[in-house]
Amino acid sequence: MAYVVINKLNIANNARYLLNLTGRAGVEMTSVTKVVCGDPEIVSKIIETGVREIGESRLENIDRIRKSGLSPTFLLLRLPSPQLYRKVVESVDYVLLSELKSLKALKELSEELGRRLKFIYMVDTGDLREGVMYDRAFEELGEAVKIAGQSFAGIGTNLGCFGGVIATPEKFEILLELGDRLCREAGVEIERYSAGNTASLPLIENGTLPRGINHYRLGESIMCGTDVTNNRAVPGTTRETFTLYGTVLELKRKPSVPIGEIGSDAFGRKPHFEDMGERLKAILDIGEQDVVPSGLTPMLEGCRVLHASSDHLILDVTDCPKKLSVDDQIPFRMSYGALLRVMTSHYIIKEYRG
Ligand SMILES: *Cc1c(COP(=O)(O)O)cnc(C)c1O
């Protein structure tokens, strides 16, 4: 069966390195664990490094962490739907919001249940995912302050996720200016300027982070050691955190172009083939149900991912210097997207090291 080897020690080393890096810049770091579905084995190792807060998009993952006996503070990253409000109030400490309606409902519920929930109101600084558009944000933020009162914890922004917009000091200045104005005109104290995710790390690394920004939410850089928005490995971290292994089920020489008229594949895609003559091809026991095939990099020289259907991955292994056989296991490095699906798949066995 296909399995993923999880190097907890290397993940913890990444977390520790980034905790120090952000700490030196006066930035508090929340470790985001949604890509591993809040896996308690991993979370517990991260908490050992001194991380105090976990950022999650799903309440099920928060439950899973809490049930394992861990008690960090929790930041909910995804805007909650009304059916979840009660659960949010019961199990979350900070929540990112961008609608006054949900803020009002959550605030009322938190008073009713006597549990303090703190709100970070999101400002869209151009990436076009969540948040009130920055150029018309002030009024709405003022309303949010009125509704939230003492529970208004600050403002935040998210870049790089939908639009792939790159973080710059100017983007973060927008938050700081809005916050200053709120302090002056609404008399509120801003505990958190929650600016960054992994894509905003360069500002800390090159010393251009505007003073006042004091909170980052980091996932990809801790888990993968990469920063996909800026297309780089994050210096000081390692990418040796997760390795996926698939088993060779079939190994045969076959033509590189299918024989017959070509329609669409199992997913309605029109595959493209280049005629390279006969090639040695391996079929592995991993498919679209387990992984994003385009996010896989074989760690064996001369192997190339060709295509996948629901349960099968096809590799061209003609140029592999190692003599492969059926039943051999081939290791892969994964992109963030591929890792997300692997950790979510029930079918991939998780093996922990370190
Ligand atoms: C997922 C997420 C993050 C973490 O982003 P990375 O790029 O993985 O560091 C931060 N903030 C929000 C709102 C998110 O949804």
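Details of the structure are given in the entry above.
Anyway, here's the lowdown on the structure attached to this text. Everything numeric here is computed off the predicted structure, so don't read it as measured data.

Notes on unusual backbone geometry
Working note: non-glycine residues mostly have negative phi, and peptide bonds are mostly trans. Positive phi is not limited to glycine here, since Cys37 has a value of about 55°. As for its placement among the helices and strands, Cys37 is situated in the loop between strand S2 (28-32) and helix H2 (40-48). In this structure, Asp327 takes a positive phi of about 85° despite not being glycine. Locating Asp327 in the fold gives a position in the loop between strand S17 (313-316) and strand S18 (329-334).

Considerations on the site of the ligand
Not every one of the 14 residues close to the ligand is listed here, only the nearest: Lys34, Thr198, Arg217, Gly219 and Glu220. Within the backbone of Glu220, an N or O atom sits 2.8 Å from an oxygen atom of the ligand. Alone, the ligand offers 390 Å² of accessible surface; in the complex the protein occludes 94% of this. Partitioning the shell around the ligand into residue classes produces five nonpolar, four polar and five charged.

Remarks on the side chain of Ser98
Assignment of secondary structure puts Ser98 in the loop between strand S5 (94-97) and helix H5 (100-113). Ignoring any residue separated from it by four or fewer positions in sequence, one finds Ser98 in contact with Leu79, Tyr121, Met122, Glu130, Gly131 and Glu140.

Details of the environment of Ile190
Within the fold, Ile190 resides in the loop between helix H7 (169-186) and strand S9 (192-196). Between the C-alpha atoms of Ile190 and Gly154, which are 36 residues apart in sequence, the distance is 4.8 Å. The residues contacting Ile190, other than those within four sequence positions of it, are Phe152, Ala153, Gly154, Ile155, Gly179, Leu182 and Cys183.

Observations concerning the pattern of salt bridges
The tally for this structure, following the rule as stated, stands at 26 salt bridges. Taking the shortest distance from any N to any O, the salt bridge between Asp93 and Arg115 comes out at 3.3 Å. Of this pair, Asp93 sits in the loop between helix H4 (85-91) and S5 while Arg115 is found in the loop between H5 and strand S6 (118-124), placing the two residues 22 residues apart along the sequence. The class of Arg115 is partly exposed, set by a relative accessible area of 24%. Of the charged contacts in the structure, one is a salt bridge between Asp316 and Arg304, with a shortest N-O distance of 3.7 Å. Of the two residues, Asp316 sits in strand S17 while Arg304 sits in strand S16 (residues 304-308), which places them 12 residues apart along the sequence.

Cut-offs applied
Sequence order as written defines the numbering, with residues in each chain counted from 1. Given that this is a predicted model, residues contribute local features only at a pLDDT of at least 70 and side-chain atom pairs are listed and counted only at 80 or more, while totals for whole chains, interfaces and linings are drawn from all residues. Think of the side-chain values as coming from all heavy atoms in the structure, minus any hydrogens and water. Runs of H or I in DSSP of at least four residues are treated as helices and runs of E of at least two as strands, each being numbered from the N terminus. Throughout, the term near means that a residue has one or more heavy atoms lying within 4 Å of the molecule or strand in question. Polar contacts, as counted here, are pairs of nitrogen or oxygen atoms within 3.5 Å of one another; within protein the pair requires one atom able to donate a hydrogen and one able to accept it, and residues that are adjacent in sequence qualify only if both atoms are side-chain atoms. A 1.4 Å probe and the Shrake-Rupley method give the accessible areas. Residues count as covered only by the protein chains that appear here. Note on residue classes: Ala, Val, Leu, Ile, Met, Phe, Trp, Tyr, Cys and Pro are nonpolar, Asp, Glu, Lys and Arg are charged, and everything else, Gly too, is polar. Should any heavy atoms of two residues lie within 4.5 Å, those residues are counted as being in contact. For this document, the term salt bridge refers to a Lys or Arg side-chain nitrogen within 4 Å of an Asp or Glu carboxyl oxygen. The buried label goes to any residue with under 20% of its type's maximum accessible area, the exposed label to any with over 50%, and the partly exposed label to all in between, with areas taken from a 1.4 Å probe on protein chains only.

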